[in-house]
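Coordinate inspection notes
So you can see what is in the structure, the chains are spelled out below.
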Amino acid sequence: MTNTLCTQSIQLILRHQATSGAYIASPAFTHYKYAWLRDGAFTAYAMNRAGQHESASRFYKWCDRVMNRHEQKARAAINAVKAGDRGGETGSDRFLHTRYTVDGEEVIGDWGSFQLDGYGTWLWGLARHVHYSGESDLIRQLTPSIELTLDYLTACWQLPNFDCWEEAGDRVHPVTLAAIFAGVKEMEAFLPERATELAQLAESIRQFVFANGTENGQFVKSIGNTAVDASLLWLTLPFGLVEVNDPRMIQTVQAIERELLAGHGVHRYASDTYYGGGQWLLLSAWLGWYYARTGRGQEAYDIAEWIVSQRKDAGLPEQVQEHLLSPPDYSSWVERSGEPAVPLLWSHAMYLVLAAELGLA
Ligand code: BGC
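Residues numbered from 1 in each chain as written. Predicted model: local features only at pLDDT ≥ 70, side-chain atom pairs only at ≥ 80, totals over all residues. Heavy atoms only, no water.

**Remarks on helix α10 (residues 281–293)**
- Counted at 1.5 Å a residue, the expected span for α10 with its 13 residues is 18 Å, and the 19 Å between its end C-alpha atoms agrees.
- Taken across its 13 residues, α10 has 11 buried, putting it largely inside the fold.
- Here α10 has its buried residues at L281, L282, L283, S284, A285, W286, L287, G288, W289, Y290 and Y291.
- The positive-phi residue at the C-terminal boundary of α10 is G295, with phi of around 75°. (Helix = DSSP H or I, 4+ residues; strand = E, 2+ residues; numbered from the N terminus. Expected span 1.5 Å × (residues − 1). Buried < 20%, exposed > 50% of the residue type's maximum accessible area, 1.4 Å probe, protein only.)

Have a look at this one:
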């Protein structure tokens, strides 16, 4: 039997995939009418899990065009960093951006655009695409932009940059490092002449996270900030920097459950004030994914049902307001920027991933 929200999610994602291959983060929310590498790579992953390989393939060809278009900027940043010039504050425009127009142009504006995680995530997602679709020829076609991305990550991975929530640009974040780790590690098998170098780099990143990114036996939001963040789930799923049952991961998940879970909804982090700090559907799906992989199928299923119950006419929102961490900030954000984003393609994507894990699709 076909799951209705799965079918709708696939249709919605296809509808908002530009002819260029880019996925628009949220078509109805002014600030999100662009294409992010992070949202896009997870959306492509979900489409692969749902058997929509052609859509995912078009996304990776878009990533390739973005890299080629901004090659000079990337090379200049690589050379500067190698020469010991770290570019001053991370707000400078010297590094590659994180979001683009559907045609691959940078979006001008005040935004914490230096974010490295998306560059690791697109490489990781590309490898997963080849795994699910069998389209191995894509690696050959995209080799120059893969190499450029790897050179960029090799030069920059230790620099402070904005996290996956586009915040804290003065810090280094274990989740960002895990995305880079996964991208580098996955490319090892495809680029034999660089395999040793990539294996060593991936291992250095992993050891750096183990040495600097834990406190009291659990992973931390950022180096120097010991709070828990629900995105730490990505360290294991899908990025594989640690096993699902690593004691540090188990303790991190317990902290997420204790501090960030209310009912079936998951908050990003305890001090979140964005739209009052609601519960993010995509993170709830992520916790369900973790449960599905650790023998907690019923809890995963309950989360999937709860996500279905949060569907609005326009689709799944970014966040819901059943439980707000900072209620006064909800109305101030609505006054400033309108209602929270709906539909958010990434929410639909993560529902598709959870549904695939549970065999609901
Ligand atoms: C989130 C990012 C996301 C972007 C587009 C931001 O508010 O923090 O993680 O990539 O929205 O969905």
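**A closer look at the site of the ligand**
- Close to the ligand lie 13 residues; Y32, R38, D39, C164 and W165 are nearest.
- D39 places a polar side-chain atom, nitrogen or oxygen, 2.6 Å from an oxygen atom of the ligand.
- Between the ligand and the protein, one listed contact pairs an oxygen atom with a side-chain N or O atom of R268 at 3.4 Å.
- Protein chains shield 97% of the accessible area of the ligand, which is 310 Å² for the free molecule.
- Residue composition of the shell around the ligand, grouped by class: eight nonpolar, no polar and five charged.
- Two domains each provide a minimum of three residues to the shell around the ligand, namely domain 1 (1–27 + 260–361) and domain 2 (34–215). (Near = heavy atom within 4 Å. Polar contact = N/O pair within 3.5 Å; in protein donor to acceptor, adjacent residues only side chain to side chain. Areas by Shrake-Rupley, 256 points an atom, 1.4 Å probe, with all protein chains shown as cover. Nonpolar A, V, L, I, M, F, W, Y, C, P; charged D, E, K, R; others polar. Domains from an automatic or database assignment.)

**As for the pattern of salt bridges**
- Scanning the model with the defined rule gives 25 salt bridges in all.
- Linking D229 and K221 is a salt bridge whose minimum nitrogen-to-oxygen distance equals 2.6 Å.
- The class of D229 is buried, set by a relative accessible area of 2%.
- Among the ionic pairs, R268 bridges to D272, the shortest N-O distance being 2.8 Å.
- Look at D272 and you get buried, because its relative accessible area is 2%.
- Through salt bridges that share partners, E71, R75, E147, D151, R194 and E197 make up one connected network. (Salt bridge = Lys/Arg side-chain N within 4 Å of Asp/Glu carboxyl O.)

**Here we look at the domain arrangement of the chain**
- Annotation of the chain at the domain level lists domain 1 (1–27 + 260–361) and domain 2 (34–215).
- Between domain 1 and domain 2, the C-alpha centre-to-centre distance is 23 Å.
- Carbon and sulfur atoms make up 66% of the area that domain 1 and domain 2 hide from each other, which totals about 2,300 Å².
- The three residues of domain 1 that bury the most area against domain 2 are S20, Y23 and W346, which together make up 30% of that side's buried surface.
- One can count two salt bridges joining domain 1 with domain 2.
- At the surface where domain 1 touches domain 2, the tally comes to nine residue pairs in polar contact (both at pLDDT 80 or more).
- For the side of domain 1 that touches domain 2, the secondary structure elements donating two or more residues are α1 (4–15), α10 and α13 (345–358).
- Take the side of domain 1 that touches domain 2: its biggest share by element is eight residues, from α13.
- Looking at the side of domain 1 that touches domain 2 residue by residue, the class counts come to 20 nonpolar, four polar and three charged. (Buried area = accessible area lost by both parts, 1.4 Å probe.)

**So, helix α11 (residues 297–309)**
- Relative to the 18 Å expected for 13 residues at 1.5 Å per residue, α11 spans 19 Å between its end C-alpha atoms, a close match to the ideal helical length.
- Tucked into the core, α11 has its buried residues touching β6 (265–266), β7 (279–280), α10, β8 (319–320) and α13. (Contact = heavy atoms within 4.5 Å.)

**Quick notes on the packing of helix α5 (residues 117–133) against helix α7 (residues 174–188)**
- In contact at an axis separation of 7 Å, α5 and α7 are set at 40° when each is read in the N-to-C sense. Relative to α7, α5 is oriented so that their crossing is left-handed. Across the interface between the two elements, D117, G120, T121, L123, W124, L126, A127 and R128 of α5 pack against T176, A179, I180, A182, G183, E186 and M187 of α7.
- A class-by-class count of the residues in the contact of α5 with α7 yields eight nonpolar, four polar and three charged. (Axes fitted to C-alpha atoms, helices over the stretch in contact; angles between N-to-C directions. Left-handed = near helix turned anticlockwise from the far one by under 90°.)

**Observations regarding the packing of α10 against α11**
- Between α10 and α11, the shortest axis-to-axis distance is 7 Å and the interhelical angle comes to 160°. By the angle between their axes, α10 is roughly antiparallel relative to α11. You can see that α10 and α11 cross each other, and the crossing is left-handed. Contacts between α10 and α11 involve L281, S284, A285, L287, G288, Y291 and A292 on the former and, on the latter, G297, E299, A300, I303, W306 and I307.
- Across the contact of α10 with α11, the residue classes tally to nine nonpolar, three polar and one charged. (Parallel < 35°, antiparallel > 145°, perpendicular 65-115°, else oblique.)

**Quick look at the side chain of T176**
- Its place among the elements puts T176 in helix α7.
- If we ignore the near neighbours within four places in the chain, the residues touching T176 are L116, D117, N161, F162 and D163.

**A word on the nonpolar core**
- Y60, W122, I146, Y152, M187 and W234 are the most contacted members of the largest nonpolar core, which has 122 residues in total.
- The two domains that each donate at least three residues to this core are domain 1 (1–27 + 260–361) and domain 2 (34–215).
- Ignoring anything within four residues of it in the chain, the contact list for W122 reads A41, Y60, C63, M67, L142, S145, I146 and T149. (Core = buried A, V, L, I, M, F, W, Y, C linked by side-chain atoms within 4.5 Å.)

**A short note on the packing of aromatic side chains**
- Counted according to the given criterion, the structure contains 30 aromatic pairs.
- Measuring from ring centre to ring centre gives 6.0 Å for F42 and F239, while their planes differ by 40°; the resulting arrangement is tilted. Pair noted here: F42 is in helix α2 (residues 37–49) and F239 is in the loop between β4 (218–219) and α9 (247–260), with a separation of 197 residues, a long-range link. With respect to class, F42 is no different from F239; both count as buried.
- Taken together, the aromatic side chains of F42, Y45, W124, Y132, W165, W234, F239, W280, W286, W289 and W346 make up a single cluster linked through ring pairs.
- When the ring centre of Y269 is taken as origin, the NZ or CZ atom of K221, which lies over that ring, is 3.7 Å away.
- Between the NZ or CZ atom of R248 and the centre of the ring of F210, over which it lies, the distance is 4.1 Å. (Phe/Tyr/Trp six-rings, centres within 6.5 Å; stacked < 30°, edge-to-face > 60°. Lys NZ or Arg CZ within 6 Å of the ring centre and 35° of its normal.)

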